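Per-entry structural report
Spelled out from the first residue to the last, the chains are:
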Amino acid sequence: MSHHLSGPSLRSPRGDARLDLTDLFAFPASDASGRTVLIMNVNPYAPTRAAEFHPDAVYRINIDNDGDNRADVAYSFVFSAPDPAPGAGTGGQTVTVYRATGGAAQKHEAGGEKLFADVPVAFGDAPDIAEAGGYRLSAGLRSDPFFADLEGIVNNFQWTGRDAMEDANIFGLALEVPDADLGPDPTIGVWARVSLHVDGQLLSVDRGAHPSLTAYFNAEEVKDAYNAGEPADDWEKYREAWTAVLQHAGDYTTQAATETLKLVLPDILRYDRSRPAGYPNGRTLSDDVTSARLTMVSGGKITSDHIPPHTDLLPTFPHLGHPHPVK
């Protein structure tokens, strides 16, 4: 899967779907130049497994704008406790968004300038879009844009033609920002993190940028540590183990594996805004990342799962499609 079920044993971190980062996207705004859309999706199979954002979590999109693999700008999203309407099953919840820079951006706590305060979360079909200070925000239930023949992947690549996410929903966090917010260099690095307040501490329970890494590369016993870690430490910690995966699955030489892993380690999505967006240069909602990862892991022996992008994407912000009916 992309980053769905990124805890041990293909479960959500801490067994809580609200904390499960599924995908990260970065691409240019569709209706204005000099603006970038950042999207962080969480909660696979929403709202069945969880009907709200976690009120004790910090959802964050990090930006590295100087190439040192550490956050220079961080957008944090925190949510109120849900206020269920009688008999409705899902009720009111609001989101507040912060922008931190410098040293504050490297701390996992939400802090810095407050961009939005107490914006309603959209749990219905239509996205609620808030605008303030040159920013756009939308948070709520949306269609999952990830597409893959997951049944075929787990059954030794015997393709079924069925998209496992065709009718699935997620909770989307979409933020459109001025490019000037991201730093003067057109190339940035982007990654997402979910942290949770537990017994007076803020614990990182999920993080990632490139799709489908932890499922293919991380052994079960290291997934929690990976989710708690920092991208700046990835090369030192994971290069050797991930090289072994490529050598076993794709018959890579050590040198070829090293060069290939430089594309995804550290686990930061690079996006050169002076070039067209398309994975691995940023990521759009229709990029076939499943086929890209299959090609990488297999050493080119498997190049596609034959599943096309979803057709319900919106042409304008927040771009994520309307949610599917809950079955």
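You'll find the structure just up there.
This part is about the overall build of the protein. Scanning the protein for helices and strands turns up six helices and 12 strands. For 327 residues, the compact-globule formula gives about 20 Å, and the C-alpha radius of gyration of the protein, at 19 Å, lands near that figure. With the principal axes as the frame, the protein shows a C-alpha extent of 55 × 45 × 45 Å. Within the span of the protein, comprising 327 residues, buried residues form 55% of the whole. At a minimum sequence separation of 6, the contacts of the protein that also span at least 24 residues come to 65%.

So, about the sheet that holds strand E2 (residues 35-42). Read from one edge of the open sheet, five strands run E1-E2-E9-E8-E7, paired in antiparallel fashion. The sheet is open, and its two edges are formed by strand E1 (21-28) and strand E7 (130-132), each paired on a single side. When the angles between neighbouring strand axes are averaged without regard to direction, this sheet yields 15°. Both E7 and strand E8 (residues 135-143) contribute to a ladder of three bridges, which runs antiparallel. In the sheet register, Ala 132 faces E8, and the bridge partner there is Tyr 135.

Next up on the list: helix H5 (residues 254-261). Within the sequence span of H5, burial applies to Ala 257, Thr 258, Thr 260 and Leu 261. Along H5, the residues classed as buried sweep out an arc of 165° about the axis, all on the same side. Lining the buried residues of H5 we find helix H2 (214-217), helix H4 (234-250) and helix H6 (289-298).

In this section: the pattern of salt bridges. In this structure the tally under the stated criterion is 17 salt bridges. Close ionic contact of Asp 181 with Arg 99 constitutes a salt bridge, the shortest N to O distance being 2.9 Å. Here Asp 181, found in the loop between strand E9 (169-178) and strand E10 (187-198), pairs with Arg 99, found in strand E5 (residues 94-101); they are 82 residues apart in sequence, far enough to count as distant. Looking at Asp 181, the relative accessible area reads 12%, which means it is buried. For the salt bridge of Glu 131 with Arg 136, the shortest nitrogen-to-oxygen distance reads 3.8 Å. One network of salt bridges, with partners in common, ties together Asp 31, Arg 35, Glu 131, Arg 136 and Glu 176.

Soluble globular proteins: nonpolar side chains tend toward being buried together. If you look at the biggest cluster of nonpolar residues, it comprises 72 residues, and the most contacted ones within it are Tyr 59, Tyr 75 and Phe 77. Looking at which element gives the most residues to this core, the answer is E10, with seven residues. Counting 10 residues, the second-largest nonpolar core is a separate cluster that includes Phe 27, Ala 29, Val 37 and Ile 170.

Summed over the entire model, instances satisfying the criterion amount to 10 aromatic pairs. Relative to Phe 171, the ring of Phe 53 has its centre 4.9 Å away and its plane inclined at 35°; by these criteria the two rings are tilted. Residue Phe 53 is found in the loop between E2 and strand E3 (57-64), and its partner Phe 171 is found in strand E9; the two are separated by 118 residues along the sequence. For Phe 53, a relative accessible area of 1% corresponds to the buried category. The buried category is assigned to Phe 171, whose relative accessible area is 1%. Among the aromatic residues, ring-to-ring pairing joins Phe 53, Tyr 59, Phe 79, Phe 123 and Phe 171 into one connected group. The lysine or arginine in question, Arg 207, covers the ring of Tyr 226, its NZ or CZ lying 4.0 Å from the ring centre.

Conventions adopted
Residues numbered from 1 in each chain as written. Predicted model: local features only at pLDDT ≥ 70, side-chain atom pairs only at ≥ 80, totals over all residues. Heavy atoms only, no water. Helix = DSSP H or I, 4+ residues; strand = E, 2+ residues; numbered from the N terminus. Rg over C-alpha atoms; globule rule 2.2 N^0.38 Å. Buried < 20%, exposed > 50% of the residue type's maximum accessible area, 1.4 Å probe, protein only. Contact = heavy atoms within 4.5 Å. Pairing = 2+ DSSP bridges. Axes fitted to C-alpha atoms, helices over the stretch in contact; angles between N-to-C directions. Arc of directions from axis to C-beta. Salt bridge = Lys/Arg side-chain N within 4 Å of Asp/Glu carboxyl O. Core = buried A, V, L, I, M, F, W, Y, C linked by side-chain atoms within 4.5 Å. Phe/Tyr/Trp six-rings, centres within 6.5 Å; stacked < 30°, edge-to-face > 60°. Lys NZ or Arg CZ within 6 Å of the ring centre and 35° of its normal.

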